[in-house]
Each structure stands twice: as structure tokens, then as C-alpha cells.
Amino acid sequence: MKVQPVVKRDTLRLAVGMVAPVVLTVLGFWGAGRLDYTVVLGALLGYLVTVGNFFLLALTIQNNTEMAEREGEKNPLPPEPEQDPDDPENQKEVMEIIMGKKAGAELPEYAQRAKRNSQLSYIGRVALMAILLLAGALLPCFNVLAALVPLLLQRFVLMILSASNKDEQKEAPGHGQ
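Along each chain, the written sequence defines residue order, and numbers are assigned to residues from 1. pLDDT decides what is reported in this predicted model: residues at 70 or higher carry local features, side-chain atom pairs at 80 or more are listed and counted, and totals for whole chains, interfaces and linings draw on all residues regardless. Side-chain figures throughout are based on the complete set of non-hydrogen atoms in the structure, without hydrogens or water.

Asks: Can you walk me through the packing of helix α1 (residues 5-17) against helix α2 (residues 19-31) in this structure?
Replies: The description of two helices packed together rests on the angle between their axes and the distance between the axes. Helix axes are fitted only over the stretch in contact, all axes being lines through C-alpha atoms; the angle between N-to-C directions runs from 0 to 180 degrees. Secondary structure counts use DSSP, requiring at least four H or I residues in a row for a helix and at least two E residues in a row for a strand, with both numbered from the N terminus. Across the interface, α1 lies against α2 with an axial gap of 4 Å and an inter-helix angle of 20 degrees. In terms of axis orientation, α1 runs roughly parallel to α2. Every residue of α2 that contacts α1 at Ala15, Val16 and Gly17 is listed here: Val19, Ala20 and Pro21. For this scheme, ten residues count as nonpolar: Ala, Val, Leu, Ile, Met, Phe, Trp, Tyr, Cys and Pro. Four count as charged, namely Asp, Glu, Lys and Arg, and the remainder, Gly too, count as polar. For the contact of α1 with α2, the class distribution of residues is five nonpolar, one polar and no charged. Angles below 35 degrees are treated as roughly parallel, those above 145 as roughly antiparallel, those between 65 and 115 as roughly perpendicular, and all remaining angles as oblique. Between two residues, a contact is recorded if the distance between any of their heavy atoms is within 4.5 Å.

Here it is, written out as C-alpha cells:
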């Protein structure tokens, strides 16, 4: 399996974006007079766990997408009836089918496999994060609070990166033409 350029790009963007929270964490501890090597190591641990988790998530999505493209060509989904995509009832029905909650709505076998892969990946990633953070909490060379800050700020950084990406797309030549 080859890592797609979009996975590399987005992981790199997150890695660069997460530098600011790590630096601010270290500066905050310095300002409070509590800076020592455990803060730096804890912040580094949190950074690595955050970026690693994102990369593994992106790989899972890539694998599931590639599988759906391969298998979908062999076993395409039946055509959807003409419906207004903006109708909230239609959106709700589609989401129920996707989530496997609608009675009688059977997902194709490859979609079920992709869903299972996603669930197993989630369990594995959470377990890996828990093990690493537990090790960080038990080993005296890591500051647990400094390790948690990158994890807590990941969603905020992703929102900023997503908004800046939309702005870049709007300014791109040929956008909307």
C-alpha cells in the first residue's frame, strides 16, 4: 500500500499546525516557573500521539476508500431514486442507510468490511493512545498535563486548518468557473 499524497499533505499540515500549541504549552510552563525537561518530553509525547493518531486515521480512510472504489466497480450500488438532496427527510434517510440503522437497508459486503475496518482502527488507535499516555503518566520523565494539551487542542487546530484551506481554495485561480 502506497500512502497517498493527500494523506501525507494533511498529516504534514497537522504536524506543522500542532507546533504552536506545543510551544505555547512549554512557554506557559516557563511563565509559571514550572518548566523542566518533563514538560518538554510530555509535550513531545502528546505531539507524537496526536500526529500519529491522525496519520493512522487518514490511512484507514484511504484504505477504505480504495477498497470501496475497487469493490464498487465490481458490485455497484443500485441507482438512487430521484430525490431532492436538500430535503431534510432524504438526508436523514441516507444517513440512516449509511449508518446501517434503517430496517431492511443492507449494506454491500465491501461497505460492511469498510465499516468493520473503521471500527477496528478506532479501537486500535484509542488503545494505542491510552497505552502511550498511561506510560507517560507512569514514567516520571513525562509531564502528563503537557502531554494532554496537544490532544485537547487537535480539533481546534484542525478547524483552523480546514477554514484556511477553504480560504485558499476560494482564492485559487479558476475557482468557481
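Asks: Just checking my understanding: could you explain the pattern of salt bridges for this structure?
Replies: Opposite charge on two side chains makes pairing possible when the charged atoms of those side chains draw close. The working definition used for a salt bridge is a side-chain nitrogen of Lys or Arg within 4 Å of a carboxyl oxygen of Asp or Glu. Scanning the model with the defined rule gives two salt bridges in all. The partner of Asp10 in a salt bridge is Arg9, and the shortest N-O contact between them spans 3.0 Å. Each residue is assigned to one of three classes by its accessible area relative to the maximum for its type, calculated with a 1.4 Å probe on protein chains only: buried under 20%, partly exposed between the two thresholds, exposed over 50%. Accessibility expressed as a relative area gives 27% for Asp10, which makes it partly exposed. Between Glu109 and Arg113 there is a salt bridge; the shortest N-O distance is 2.5 Å. Placement of both Glu109 and Arg113 in helix α5 (residues 109-138) is noted, with a separation of four residues, approximately one turn of the helix. For Arg113, a relative accessible area of 25% gives the class partly exposed.

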